[in-house]
Amino acid sequence: MADIKINNMIKFYTLCLLASKPKHGYELMKELEERLGIRISASHVYPFLSILRKNKLIKFDKVGKRDKKSYTLTHKGRNFTNHMFTKFGDLINIAIKPKISICPCGCMIYSGGYTEKVKGKVMKFCCSHCAKMHQPK
Ligand SMILES: [Zn+2]
């Protein structure tokens, strides 16, 4: 695994955007601005791109007359981003887990759900059918 620190949102988003499809540097900057809502300058993006390239996580193809470079993740780059997404996913899970309720059927309820009293106790279910199943007959 390449030893690259993804220690800010710009780097994280850069990799996310490149994982979705190959992009020109300029395109990348524009999309980062839109998504992060901050001014992005070349110095936010190009030094990181050159680190990625040195570590063989991205390659670029020259496209068009004006010699625009299109950056693409390499196979190694894909592995790296997948690994990063998994780690990030674990973090998200830790953050949202306390907010999840589990229906007696085993469904995880992220939001909404169905609340009903069972034997005087308020319980949460994924749907009214599950609630009905748990009512004493
Ligand atoms: Zn259920």
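Scroll up to find the structure this text is about.
Residues numbered from 1 in each chain as written. Predicted model: local features only at pLDDT ≥ 70, side-chain atom pairs only at ≥ 80, totals over all residues. Heavy atoms only, no water.

1. Concerning the coordination of the zinc ion
Moving on, step 1. Distances from the zinc ion to its protein donors, namely Cys-103 (SG), Cys-105 (SG), Cys-126 (SG) and Cys-130 (SG), fall within the range 2.2 to 2.3 Å.
Moving on, step 2. Between the four donor atoms coordinating the zinc ion, the angles at the centre fall across 103 to 116°, so the site counts as tetrahedral.
Moving on, step 3. Summarised as a motif, the one-chain spacing of the donors to the zinc ion is C-x1-C-x20-C-x3-C. Residue Cys-103 is found in the loop between β4 (101-102) and β5 (108-109), and its partner Cys-126 is found in the loop between β7 (121-125) and α5 (128-133); the two are separated by 23 residues along the sequence.
Moving on, step 4. Under the relative-accessibility criterion, Cys-103 is labelled buried at 2%.
Moving on, step 5. Given a relative accessible area of 28%, Cys-126 falls into the partly exposed group. (Donors = N, O, S within 2.8 Å, 3.2 Å for Na, K, Ca; no water. Tetrahedral: all angles 85-135°; square planar, octahedral: opposite > 155°, others 65-115°. Helix = DSSP H or I, 4+ residues; strand = E, 2+ residues; numbered from the N terminus. Buried < 20%, exposed > 50% of the residue type's maximum accessible area, 1.4 Å probe, protein only.)

2. Structural notes on the packing of aromatic side chains
Moving on, step 1. Evaluation of the coordinates by the stated rule reveals four aromatic pairs.
Moving on, step 2. Plain terms: the ring middles of Phe-60 and Tyr-71 are 5.8 Å apart, the flat faces sit at 70° to each other, and that makes the pair edge-to-face. Here Phe-60, found in strand β2 (residues 58-63), pairs with Tyr-71, found in strand β3 (residues 68-73); they are eleven residues apart in sequence, far enough to count as distant.
Moving on, step 3. Here the aromatic cluster, defined as three or more aromatic residues joined through ring pairs, consists of Phe-12, Tyr-13, Phe-85 and Phe-88. (Phe/Tyr/Trp six-rings, centres within 6.5 Å; stacked < 30°, edge-to-face > 60°.)

3. A few points about the pairing of strand β6 (residues 114-118)
Moving on, step 1. Bridging between β6 and β7 involves five bridges; their strand directions are antiparallel. Pairing of Thr-115 across the sheet is with Lys-124, part of β7. (Pairing = 2+ DSSP bridges.)

4. Points about the nonpolar core
Grouped burial of nonpolar side chains is what soluble globular proteins tend to show.
Moving on, step 1. In terms of nonpolar packing, the biggest core is built from 21 residues, with Leu-15, Leu-18, Val-45, Leu-49, Leu-52 and Ile-58 touching the most fellow members.
Moving on, step 2. Elements with a minimum of two residues in this core: α1 (9-20), α2 (25-36), α3 (42-54), β3 and α4 (75-96).
Moving on, step 3. Counting residues per element, this core draws most heavily on α1, which supplies six residues.
Moving on, step 4. Among residues more than four places away in sequence, those in contact with Val-45 are Leu-28, Met-29, Leu-32 and Ile-40. (Core = buried A, V, L, I, M, F, W, Y, C linked by side-chain atoms within 4.5 Å. Contact = heavy atoms within 4.5 Å.)

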